[in-house]
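# A closer look at the structure
Chain by chain, the residues:
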Protein chains: 2
Amino acid sequence: MPELRKDPIVGRWVIIAKERGKRPSDFVVEKEKTKGGFCPLCPGHEYTTPPEVLAYGRPPGAPPNSPDWTLRVVPNKYPALIIEGDLWKEGEGIYDKMNGIGAHEVIVETPNHQETLADIPPERLVQVYWAYRDRMVDLARDHRFRYVMIFKNFGQAAGASLEHSHSQLIALPIVPQLVREEIKGAKLYYDYKERCIFCDIIHQELQQNIRIICENEEFLCISPFAPRSPFEMWILPKRHHSDFRSVDDKQFRALAEIFSEALRRLDAAIPRCPFNYVLHTAPLRESYLEHYHWHFEIMPKLTRIAGFEWGTGFYINPTPPEEAARFLREITL
Amino acid sequence: MPELRKDPIVGRWVIIAKERGKRPSDFVVEKEKTKGGFCPLCPGHEYTTPPEVLAYGRPPGAPPNSPDWTLRVVPNKYPALIIEGDLWKEGEGIYDKMNGIGAHEVIVETPNHQETLADIPPERLVQVYWAYRDRMVDLARDHRFRYVMIFKNFGQAAGASLEHSHSQLIALPIVPQLVREEIKGAKLYYDYKERCIFCDIIHQELQQNIRIICENEEFLCISPFAPRSPFEMWILPKRHHSDFRSVDDKQFRALAEIFSEALRRLDAAIPRCPFNYVLHTAPLRESYLEHYHWHFEIMPKLTRIAGFEWGTGFYINPTPPEEAARFLREITL
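Residues numbered from 1 in each chain as written. Chains lettered and ligands numbered in written order. Predicted model: local features only at pLDDT ≥ 70, side-chain atom pairs only at ≥ 80, totals over all residues. Heavy atoms only, no water.

A word on the UniProt feature "active site" (unreviewed entry) in chain A. All names here are of chain A. This chain's UniProt record puts "active site" (unreviewed entry) on His166. With respect to the element layout, His166 can be found in strand S9 (residues 166-172). By relative accessible area, His166 is classed as buried at 6%. With near-sequence residues (within four places) excluded, His166 lies in contact with Leu41, Val106, Ile107, Val108, Glu109 and Lys152. (UniProt positions renumbered as here; feature names shortened; annotations may be inferred. Helix = DSSP H or I, 4+ residues; strand = E, 2+ residues; numbered from the N terminus. Buried < 20%, exposed > 50% of the residue type's maximum accessible area, 1.4 Å probe, protein only. Contact = heavy atoms within 4.5 Å.)

Turning to the packing of helix H4 (residues 249-269) of chain A against helix H6 (residues 321-330) of chain A, a few remarks are in order. Residues and elements named next belong to chain A. Two numbers describe how H4 lies on H6: the axes approach to 9 Å, and their chain directions differ by 100°. Accordingly, the angle class assigned to the pair H4 and H6 is roughly perpendicular. Between H4 and H6, the residues in contact are Arg265, Leu266 and Ala269 and Phe327, Leu328, Arg329 and Glu330, respectively. Grouping the constituent residues of the contact of H4 with H6 by class yields 4 nonpolar, no polar and 3 charged. (Axes fitted to C-alpha atoms, helices over the stretch in contact; angles between N-to-C directions. Parallel < 35°, antiparallel > 145°, perpendicular 65-115°, else oblique. Nonpolar A, V, L, I, M, F, W, Y, C, P; charged D, E, K, R; others polar.)

A few words now on the state of the cysteines. In a disulfide, the sulfur atoms of two cysteines are held together by a covalent bond. Scanning the model with the defined rule gives 0 disulfides over all chains in all. Between Cys221(A), a cysteine without a disulfide, and Cys214(A), which holds the nearest cysteine sulfur, the sulfur-to-sulfur distance is 4.3 Å. Free of any disulfide, Cys273(B) has its nearest neighbouring cysteine sulfur in Cys221(B), separated by 14 Å. (Disulfide = S-S within 2.5 Å.)

With that out of the way, let us pick up the UniProt feature "binding site: Zn(2+)" (unreviewed entry) in chain A. All names here are of chain A. Taking the numbering used here, the UniProt-annotated feature "binding site: Zn(2+)" (unreviewed entry) corresponds to Cys39, Cys42, His113 and His164. Look at the named residues: they lie 126 residues apart in sequence, but the longest C-alpha span between them is just 8.2 Å, so in the fold they bunch up. As for its placement among the helices and strands, Cys39 is situated in the loop between strand S2 (13-16) and strand S3 (54-56). The contact partners of Cys39, leaving out residues within four places of it in the chain, are His45, His113 and His164. Mapped onto the secondary structure, Cys42 falls in the loop between S2 and S3. For Cys42, a relative accessible area of 14% translates into the label buried. Not counting residues within four places of it along the chain, the set of residues in contact with Cys42 comprises Trp69, His113 and His164.

The next subject is the sheet that holds strand S1 (residues 3-6) of chain B. Taken in spatial order, the 5 strands line up as S15(A)-S2(B)-S1(B)-S6(B)-S5(B) in an open sheet, and their pairing is mixed. Only two strands of the sheet have a single partner each, and these edge strands are strand S15 (315-317) of chain A together with strand S5 (89-92) of chain B. In this sheet, adjacent strand axes meet at a mean angle of 30° when their direction is disregarded. Relative to strand S6 (residues 95-99) of chain B, S1(B) is paired through 4 bridges, and the arrangement is antiparallel. Across the sheet, Lys6(B) pairs through a bridge with Asp96(B), a residue of S6(B). Packed on one face of the sheet, helix H3 (residues 197-208) of chain A meets S5 and S6 of chain B and runs near 65° to S6(B). (Pairing = 2+ DSSP bridges.)

Right, let's get into the pattern of salt bridges. Enumeration over the complete set of coordinates arrives at 58 salt bridges over all chains. The closest approach of N and O atoms between Glu92(B) and Arg211(A), which form a salt bridge, is 3.4 Å. Taken together, the positions of Glu92(B) in strand S5 and Arg211(A) in the loop between H3 and strand S10 (212-215) put the pair across two chains. Per residue, the accessibility class of Glu92(B) equals that of Arg211(A), and both read buried. With a closest N to O distance of 2.7 Å, Glu105(B) and Arg135(B) form a salt bridge. Highlighted residues: Glu105(B) in strand S7 (residues 103-108) and Arg135(B) in helix H1 (residues 122-140), separated in sequence by 30 residues. In this pair, the class of Glu105(B) matches that of Arg135(B), namely buried. Within this structure, Glu3(A), Arg5(A), Glu92(A), Lys97(A), Glu205(B), Arg211(B) and Glu322(B) form a network of salt bridges that share partners. (Salt bridge = Lys/Arg side-chain N within 4 Å of Asp/Glu carboxyl O.)

This part takes up the relation of the copies chain A and chain B. Expressed as a screw operation, the relation of chain A to chain B combines 0.0 Å of axial shift with a rotation of 180°, fitting to an RMSD of 0.0 Å. Such a combination of rotation and displacement between the chain copies is what one expects of a two-fold axis. Taking C-alpha positions as the reference, the residue of chain A nearest the rotation axis is Ile305(A), at 4.2 Å. (Least-squares fit on C-alpha atoms with pLDDT ≥ 70 in both.)

All names here are of chain B. The phi angle at Glu194 is positive, at roughly 60°, despite the residue not being glycine. With respect to the helices and strands, the residue Glu194 is situated in the loop between helix H2 (177-193) and helix H3 (197-208). Not every positive phi belongs to a glycine, and Asn209 is a case in point at roughly 55°. Residue placement: Asn209 occurs in the loop between H3 and strand S10 (212-215).

Let us look at the domain arrangement of chain A. All names here are of chain A. Annotation of chain A at the domain level lists domain 1 (3-175) and domain 2 (178-330). Distance between the C-alpha centres of domain 1 and domain 2: 23 Å. Opposite the 32 residues of domain 1 that make contact, domain 2 presents 31 residues. The contact between domain 1 and domain 2 buries some 2,900 Å² in all, and 68% of this surface belongs to carbon and sulfur atoms. The largest contributions to the domain 1 side of the interface with domain 2 come from Tyr129, Tyr147 and Phe154, which together make up 21% of the buried area. Run the count over domain 1 and domain 2 and you get 0 salt bridges. Inspection of the region where domain 1 meets domain 2 yields 13 residue pairs in polar contact (both at pLDDT 80 or more). At the level of elements, helix H1 (122-140) and strand S8 (147-154) are the ones that each hand at least two residues to the side of domain 1 that touches domain 2. The residue inventory of the side of domain 1 that touches domain 2, partitioned by class, reads 22 nonpolar, 5 polar and 5 charged. (Domains from an automatic or database assignment. Buried area = accessible area lost by both parts, 1.4 Å probe. Polar contact = N/O pair within 3.5 Å; in protein donor to acceptor, adjacent residues only side chain to side chain.)

Written out as structure tokens, the structure is:
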């Protein structure tokens, strides 16, 4: 059973996932995974994953875990958290820990092994966001969970261990500290101004028009004012809502279009640029917040986190966001 | 002039260091630096660095920036912050920024290009800590500065761009957010218990005796209860003090001994393991704190920061600290 442990000084949680089985002798620095070979996420290999929890696109009547899907969600074979069991919390002197209850799932975004998210046309990409939403709605029924974190690692440098295009989901028994801090920061602003800070950011960005990468009727894609890495991008819905579960079909189609364009622009600027993205959305049990605004943050992996960042929480970024936005915006797709 | 920008939601600062001159076309993912070749930190090449701000070990009367030093501190040739100028702060609508005033220095720990910190015998290693202290004392005289962050990146994977053994120092016009949060967490505990949390950690670790790697009269080296990465190590002084500038010669000698032993144990476990370390010490203008306790945190670079960590602030660590401590402790040096 994995264990969650809390640093008693700064309150940072760590998942000690010893089931993943790394012993000192297993550590090989910057080991590269071999490419090619057997892919457990490809159609026809469904038997190699745990039984699926969701699939789209199969003909009516086709059995679960058979081929002919267009998107598939499966439990992670090497989960950081375990779904079975009751939640317990306990102390060890001044320290706090709890057992590692949670869900860890893999969203297989396409049946085509070679296809990246930037290659998937928007009319198929939309099902990725439907899958995120469907899984959040389902996992919210489990009263042990407080938050569903949805993220993607693309490329080895960004932490992907499988080449086949996929994102991940972790359902957690607590609201993560960074989510709490973001909501708290937005609340502070709301208490002072009685306006959502994200709505104000959208307003100012549209007025200044120097950090916009692309936009459509429903969404704005910008280089944020204080980006942690070169070519960081935020995708913000123009309509205020705190909870990703509230998105409707029209918005999902517009989201697929802008997300696809953003990733194609990044790929044109830096071919196969490794990146992480994270869906920022309200906690499961506090979903209607006037002061919070769901969005995606896309972080290209182009600089290293080193001692200075570890110590300060500052980031050093060599590329002003106005330059990055102009460069990405002016690319001819 | 570099610019400091603050994220308006979470308050995270970013240094936009465009002087470093990266343009979109300059980004090559995971580029490896060539080893060998000309080293600007080696004796005889003093003319290639900016003029030194400190040197130890030269014979009396020898001129600055000549060879025959045992340790040398020079301004960084590609600084993230610039030392000249007055501090200004200004808004841009809802956003905040200030100019990038600060010092960025390189501490060259040894004249021997091949020597790592683990190779330097404690009787010479002690001068590294003296250099940290001397530079902090000197930079504290500049009233623009609020914090001096001292850190080391060892190995390419940990962000080192030069092979020759060195650490770095950045003097900042603000107290970094992570430092503030650590002090705030320690203060919360102190307000409740009227005891220093670090002193209590030392007390509990000595009693439990399951996460101790090594110790001497003055210091304790442990695997912390909630480590972010496998083989993370903290070096804690047994005597309470919040400010590294208060350390005396006896403590420095004991620090060199335990630091050397910790690094030799890590190197024996994982040869040439890349790591970052950070000196945690009180801000320059609030140095006598009952609730804070200076220490070093050493973070081996063995896992990747990916989407989950970006989103949650949680870390996934496959190695329980009790196992890591036992492994490191039982190595025969």
